[in-house]
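The chain contents come next:
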Amino acid sequence: MSDFILETKNLTRVFEETGEALSILNGVDFALKQGEFAVLTGASGSGKSTFLNLIGLLDTPTAGEILFYGKNFSRATSEEKDAYHRKHIGFVFQFHHLLSEFTAFENVCVPARILNEKSFAEIKDRAMYLLETVGLKDRLKHLPRELSGGERQRVAVARALMNEPAIVLADEPSGNLDEKNAEMLNELFSKLNKEFNQTFLVVTHDERLANCASKRYIMTHGKISEKVG
Ligand SMILES: Nc1ncnc2c1ncn2[C@@H]1O[C@H](COP(=O)(O)OP(=O)(O)O)[C@@H](O)[C@H]1O
Ligand SMILES: [Mg+2]
């Protein structure tokens, strides 16, 4: 059994769909342990989202390996990847991607309804618990449009946690929030990491969030290196 939740070896992504080959990730070696709060920074266009989409099993690498607990997923079928993604990976995007006709409570239930492993009573209990954890227990019946931007992102975090994922991947989660709401989201990530030992990999430009990290990484020239000091 591997010490690491997640490892990538020589992870490479070349985009050829647009005609001219664009080499974005050039052999990324990366590893993350249980309970880590890792933050990844890097210039816009450096390949951070490309990397998160690959390790979130939403895209397929050109070369290299993605391992979860030592098991290689880089050549897995899309069914295997979907199944792993659904059960073990929580994703928070820059835009909340909540279902607009569903309440906050219903949105949080969605991943568990799709996974279909728990009874509805268990799902409801967990959704209530998570919405309380993110500070929204009095917003259960609100539709996304009846929530503030910060509240919507906190619903998206609760939704990401629904199936007790091994890792939460967040791509510039506070990119659209004002300072106060960004700060609340940062505190929430920090609390989830400390109290529940939740493993995070967060892409952010927010220095204050980066300062909460147990490990800091930077993406340059299609590679990731640890940022020290
Ligand atoms: N599907 C795609 N097809 C072609 N090029 C892409 C695709 N996705 C991303 N890119 C290119 O890869 C580079 C890195 O993008 P991205 O990973 O989104 O950067 P970041 O998240 O660090 O800002 C950009 O130059 C972008 O245009
Ligand atoms: Mg990006």
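Residues numbered from 1 in each chain as written. Chains lettered and ligands numbered in written order. Predicted model: local features only at pLDDT ≥ 70, side-chain atom pairs only at ≥ 80, totals over all residues.

Our focus in this paragraph is the overall build of the protein chain. Secondary structure assignment for the protein chain yields seven helices and ten strands. Expected size for 229 residues packed as a compact globule is a radius of gyration near 17 Å; at 17 Å, the protein chain falls within 12% of this value. C-alpha atoms of the protein chain, sized along the principal axes, occupy 50 × 40 × 40 Å. Residues classed as buried in the protein chain amount to 39% of the 229 residues present. Taking the contacts inside the protein chain whose residues are at least 6 apart along the sequence as the reference set, 70% of them involve residues at least 24 apart. (Helix = DSSP H or I, 4+ residues; strand = E, 2+ residues; numbered from the N terminus. Rg over C-alpha atoms; globule rule 2.2 N^0.38 Å. Buried ≥ 20, exposed ≤ 12 C-beta atoms within 10 Å, placed from the backbone. Contact = placed C-beta atoms within 7 Å.)

Around ligand 1 there are 13 residues in total, and Phe15, Gly45, Lys48, Ser49 and Thr50 lie nearest to it. Listing elements by their share of the shell around ligand 1, those giving two or more residues are strand 2 (22–33) and helix 1 (48–55). Element by element, the count of residues in the shell around ligand 1 is highest for helix 1, at three residues. (Near = placed C-beta within 6 Å.)

Note: strand 1 (residues 4–15) against strand 2, nine bridges, orientation antiparallel. Bridged to phenylalanine 15 within strand 2 is leucine 22. Here strand 1 folds back onto strand 2, and the loop between the two strands holds six residues, one of which, glycine 19, carries a positive phi near 100°. Pairing analysis gives five bridges linking strand 1 to strand 4 (residues 63–68), with the strands arranged antiparallel. Pairing of lysine 9 across the sheet is with glutamate 65, part of strand 4. (Pairing = 2+ DSSP bridges.)

In this structure, Ala38, Val108, Leu131 and Leu169 are the most contacted members of the largest nonpolar core, which totals 58 residues. Ranked by the residues each element gives to this core, the list is headed by helix 5 (residues 149–161), at six residues. Leaving out residues up to four positions away in the same chain, leucine 131 has contacts with Ala104, Phe105, Val108, Leu136, Lys137, Leu140 and Ala158. (Core = buried A, V, L, I, M, F, W, Y, C linked by C-beta atoms within 7 Å.)

To continue, consider helix 3 (residues 104–115). Regarding helix 3, the residues found buried are Ala104, Phe105, Asn107, Val108, Cys109, Pro111 and Ala112. For helix 3, the elements touching its buried residues are helix 2 (78–88), helix 4 (120–133) and helix 5.

Right, let's talk about the sheet that holds strand 6 (residues 89–92) for a bit. The strands making up a sheet are joined through hydrogen bonds of the backbone, oriented either antiparallel or parallel. Taken in spatial order, the six strands of this open sheet run 6-7-8-3-9-10, and their pairing is mixed. Two strands close off the open sheet at either side, each with one partner strand: strand 6 and strand 10 (223–226). Across the sheet, the mean angle from the axis of one strand to that of its neighbour is 20°, orientation sign disregarded. Bridge analysis of strand 7 (residues 167–171) against strand 8 (residues 199–203) gives five bridges, and the strand direction is parallel. When the sheet's bridge partners are listed, leucine 169 is paired in strand 8 with leucine 201. (Axes fitted to C-alpha atoms, helices over the stretch in contact; angles between N-to-C directions.)

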